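The primary structure of each chain is shown beneath.
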Amino acid sequence: MRIKADQLPQQLRQSLGPIYLIAGDEPLLVGEAADGVRERARAAGHVTREVLDAGGSFDWASLRQTADSLSLFAEQRLLELRLPEPKPGAAGAKVLETYADNPPPDTILLIVTGRMDKATQNSRWVSALDRAGVVATIWPISLQQLPDWIEQRMRRRGLTADSEAIAMIADRVEGNLLAAAQEIERLHLLHGSGRIDTQAVAQAVADSARFDVYKLADAALQGDTARCCRVLHGLRSEGIEPVLVLWALTREVRALASMAYDVSQGGTPAHAMAAQKVWESRKRLVGAALRRGDVGHWQRLLLQCAHIDRVIKGVAAGRPWDELETLVVAMSGIPAQAMVGLLATPSSSKGS
């Protein structure tokens, strides 16, 4: 039986199959699906668990030998096969087909592997497992699907939130489901069950670190040059990678360049911000930044971001943190010619 990942909990409640194949490349969802099978097997009396790692030198004959040896003791057990890639080879495929033809009655076989392409899904060994048990294929959550996934997961924890708060979480985790799950758990720990607003989300994320890249971006948009420098120095002292800082700043500069272009073509700032899906709580900051610089200003800073990327990669001369400081000061509204004295700080004299 082939099912979707979200159908697995219902299937497990209805019955427990002799074989489960869970395939996908999203670690959180694969892990949770496998945990669901383990918990259901344990509840059904399969309290003993044995794990086989089917790496490159794996002896496939040991799979059947292990299953047969378990049955000698009349114990209900869970046999877990970890298959790094869904390519067992000819020998492995044959063993799995043979196993599926006659699975031991006292053993649940759980196979966990990576994402299967179409050819693998149609292979004989997968079809054999499909006939004997359950095949659950897990697909990645797209960025468009992420807000709905976050909302559903929050509801499972007794949390509700408005669309802006959900969008804030989705934006900050950048498609990383594990990070999203951790943010939701943090919110639940801090606030318990109930409704969560944007302020609670922002505060929860801010509480996770003394300084963060979002504070830096907000300070730059606000035009607070002194705070920009303080936060940037804090990020550096905490060991944050320059590439993460650049990512956050580039995202803001790119959006501002696009909005400034729209305004230069006769559009209103409100329409430009709506097109970029700027959160209501950030419109004041973004609006202030738009008033400080025209389209040429933000396009020049976008070129500067590209240069810093090359510096970080070591293909252009410069010191990453010094370059980042120049960028945030320019974002805050200070012209390049006025930066020389401001940037003569102890931190900017150090190497990268």
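Data block above holds the structure.
Let me sum up the structure you'll find in this document. (Residues numbered from 1 in each chain as written. Predicted model: local features only at pLDDT ≥ 70, side-chain atom pairs only at ≥ 80, totals over all residues. Heavy atoms only, no water.)

Comments concerning the packing of aromatic side chains
Going through the model one piece at a time under the given rule, you end up with one aromatic pair. With a centroid separation of 5.0 Å and an interplanar angle of 85°, the aromatic rings of Phe58 and Trp60 are classed as edge-to-face. Residue classification places Trp60 among the buried residues on the basis of a relative accessible area of 10%. (Phe/Tyr/Trp six-rings, centres within 6.5 Å; stacked < 30°, edge-to-face > 60°. Buried < 20%, exposed > 50% of the residue type's maximum accessible area, 1.4 Å probe, protein only.)

Points about the nonpolar core
Ile22, Ile150 and Met154 are the most contacted members of the largest nonpolar core, which has 41 residues in total. Beyond its immediate chain neighbours, meaning those up to four positions away, Met154 contacts Leu159, Thr160, Ala161, Ile166, Ile169, Ile184, Leu187 and Ile196. Judged by nonpolar contacts, the second largest core, of 40 residues, contains Ala272, Leu301, Cys305 and Leu324. (Core = buried A, V, L, I, M, F, W, Y, C linked by side-chain atoms within 4.5 Å. Contact = heavy atoms within 4.5 Å.)

A look at the packing of helix H7 (residues 146-156) against helix H9 (residues 177-191)
At a minimum axis distance of 10 Å, the contact between H7 and H9 shows a crossing angle of 35°. Between H7 and H9 the crossing geometry is right-handed. Across from Leu146, Trp149, Ile150, Arg153 and Met154 in H7, the residues of H9 making contact are Leu177, Ala180, Ala181, Ile184 and Leu187. When its residues are assigned to classes, the contact of H7 with H9 shows nine nonpolar, no polar and one charged. (Axes fitted to C-alpha atoms, helices over the stretch in contact; angles between N-to-C directions. Helix = DSSP H or I, 4+ residues; strand = E, 2+ residues; numbered from the N terminus. Left-handed = near helix turned anticlockwise from the far one by under 90°. Nonpolar A, V, L, I, M, F, W, Y, C, P; charged D, E, K, R; others polar.)

Structural notes on the sheet that holds strand E5 (residues 107-113)
Reading across from one edge, E1-E6-E2-E5-E4-E3 is the order of the six strands in this open sheet, with parallel pairing throughout. Two strands in the sheet have a free side with no partner beyond their single neighbour: strand E1 (2-4) and strand E3 (48-53). Neighbour to neighbour, the strand axes of the sheet diverge by 20° on average, direction disregarded. Bridging between strand E2 (residues 19-24) and strand E6 (residues 134-138) involves five bridges; their strand directions are parallel. (Pairing = 2+ DSSP bridges.)

With respect to the pairing of E2
Where burial is concerned, most of E2 is hidden: six out of the six residues are buried. The side-chain alternation of E2 yields two buried faces, one formed by Ile19, Leu21 and Ala23 and the other by Tyr20, Ile22 and Gly24. Here E2 pairs with E5 via five bridges, running parallel. Looking across to E5, one finds that Ile19 is bridged to Leu109.

Some thoughts on unusual backbone geometry
Positive phi, close to 55°, is recorded for Lys277, a residue that is not glycine. You can see Lys277 is positioned in the loop between helix H14 (269-275) and helix H15 (283-292). Given a relative accessible area of 71%, Lys277 falls into the exposed group.

A word on helix H4 (residues 89-101)
A rise of 1.5 Å per residue sets the reference length of H4, with its 13 residues, at 18 Å; its end C-alpha atoms lie 18 Å apart and thus fit the reference within 8%. Residues Gly92, Ala93, Val95, Leu96, Glu97, Tyr99 and Ala100 constitute the buried set of H4. (Expected span 1.5 Å × (residues − 1).)

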